[in-house]
Amino acid sequence: MYRPRAAIAGLLAMFATLAIAPRPAAAAEWPADKPIRLIVPYPAGGNSDVIGRVFARKLGDALHQSVIVDNRPGAGGSIGAALAAKAEPDGYTLLLGDIATHAINRLSMPNLPYDAQADFTPVSRLTSISLLLVANPKYKFKSARDFIDYAKAHPGKMAYATGGNGTPSQLAMEMLRGAAGLDILQIPYKGSAPALTDVVSGQVDVMIDGAATPLVKAGKLDLLAVTADRSPAFPDTPTLAESGVPGYRFVSWHGVFAPKGTPQAIVDKLAGELQRAAQDPEVRKQFQALGIGLDTQNGPAFASFIADQRKSIEDLVKERGLQLAQ
């Protein structure tokens, strides 16, 4: 026998159960009223920190909530990257990664505590940075060709500084050594700052690095060439490829990553806002003064770029017989 009251009561009970049952996090509910954390795996004050803070501010403005920069330096960026890799994939923890965290560290750190490919979803590339080939002014080099010719005429007599084994400064110079046939000695340091200090003082002769812009502008180092596209800070300085080293190209970069498993709708939203921020005239002007080019790519294109660079660096390490272990 059909009982209307019993049926209605059953339906009400079912709806009540559905209403209180736990629901999976929906991308539409993001962002809630809590801060987003952008992990910058380097100390405050450097280029990575500046880039992170500029984009955190723009992202916070776009999303109408707080985006906090969390500096977690150490071990070539791997400490901060590992922290981000283990975070909940809910859109509230992001990583400002770079060429070290996602292309180099796997070759230089045998016990890397994260997998750059498996543990992250690329959100958006942000920058494209040409490193600077600089020399102590005592040589009075006017160009990269002057340096190359001098080094070839004095094999084994010159030394180049790096920020340490497995750093972009080492890999970029090793690429140049191989392409130009140079016999010069590496002097590794614990970071770019002390290395550049010794190039300025003349204890070391040359260096390729991305942090030399202020020293060049102050006249303490001579800028000879750049490693990829022309620098926005020094548009008249030729690239190494333009300076007689055909095919030479070494580019550094930064980009935002989310822990693997972050909902695609959140990744897409973040990518769109970051790419809009990169088009802001004030942002472009600020980065131009630092010699930082802006070059955004969405997740799939960004992932393809990283894969190509990983392969290129791996080939370079094998060809040059480099020992990158730190």
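Thresholds applied
- Residues numbered from 1 in each chain as written.
- Predicted model: local features only at pLDDT ≥ 70, side-chain atom pairs only at ≥ 80, totals over all residues.
- Heavy atoms only, no water.
- Helix = DSSP H or I, 4+ residues; strand = E, 2+ residues; numbered from the N terminus.
- Expected span 1.5 Å × (residues − 1).
- Buried < 20%, exposed > 50% of the residue type's maximum accessible area, 1.4 Å probe, protein only.
- Arc of directions from axis to C-beta.
- Pairing = 2+ DSSP bridges.
- Axes fitted to C-alpha atoms, helices over the stretch in contact; angles between N-to-C directions.
- Contact = heavy atoms within 4.5 Å.
- pLDDT = per-residue confidence, 0-100.
- Right-handed = clockwise from strand over helix to strand, strands pointing away.

Here we come to helix H11 (residues 299-320). Count 3.6 residues to each turn of an α-helix, and residues three or four apart come out pointing the same way. For H11, built from 22 residues, the straight-helix expectation of 32 Å at 1.5 Å per residue is met to within 8% by its first-to-last C-alpha distance of 31 Å. Turning to H11, its buried residues are Gly299, Phe302, Phe305, Ile306, Gln309, Arg310, Ile313, Leu316 and Val317. One side of H11 carries all its buried residues, which in axial view fall inside an arc of 140°. Along H11, the residues that are exposed and aim more than 90 degrees away from the buried face are Pro300, Asp308, Lys318 and Glu319.

On to the sheet that holds strand E6 (residues 159-162), then. Spatially, the 5 strands line up as an open sheet ordered E7-E6-E8-E5-E9, and their pairing is mixed. On the outer flanks of this sheet lie strand E7 (185-188) and strand E9 (222-226), each paired with one strand and no other. Strand after strand, the sheet turns through a mean of 30° between neighbouring axes, direction not considered. Across 4 bridges, E6 lies against E7 in parallel orientation. Within the sheet, the bridge partner assigned to Thr162 lies in E7 and is Pro188. Contacting strand E5 (132-135), E6, E7 and strand E8 (206-209), helix H6 (residues 168-180) runs over the sheet at an angle of about 120° to E8. Helix H7 (residues 192-201) rests against E5, E6 and E8 of the sheet, and its axis sits at about 145° to E8.

What follows concerns the environment of Ala271. Considering the arrangement of structural elements, one finds Ala271 in helix H9 (residues 264-278). Relative accessible area serves as the criterion here: at 8%, Ala271 is assigned to the buried category.

Turning our eyes to something else, we now look at the confidence of the model for the protein. Here the protein averages 91 in pLDDT, while 91% of its residues score no lower than 70. Within the model, pLDDT remains below 50 along residues 1-26, and this stretch shows 2 contacts once partners closer than five positions in the same chain are excluded.

Covered by surrounding structure in E6 are Ala159 and Ala161 together with Tyr160 and Thr162, the residues of both alternating faces. In this region the chain leaves E6, passes through H6 and returns to the parallel neighbour E7; the handedness of that crossover is right-handed. Where E6 meets E8, 2 bridges bridge the pair, whose relative direction is parallel. What sits directly across from Tyr160, in E8, is Val206.

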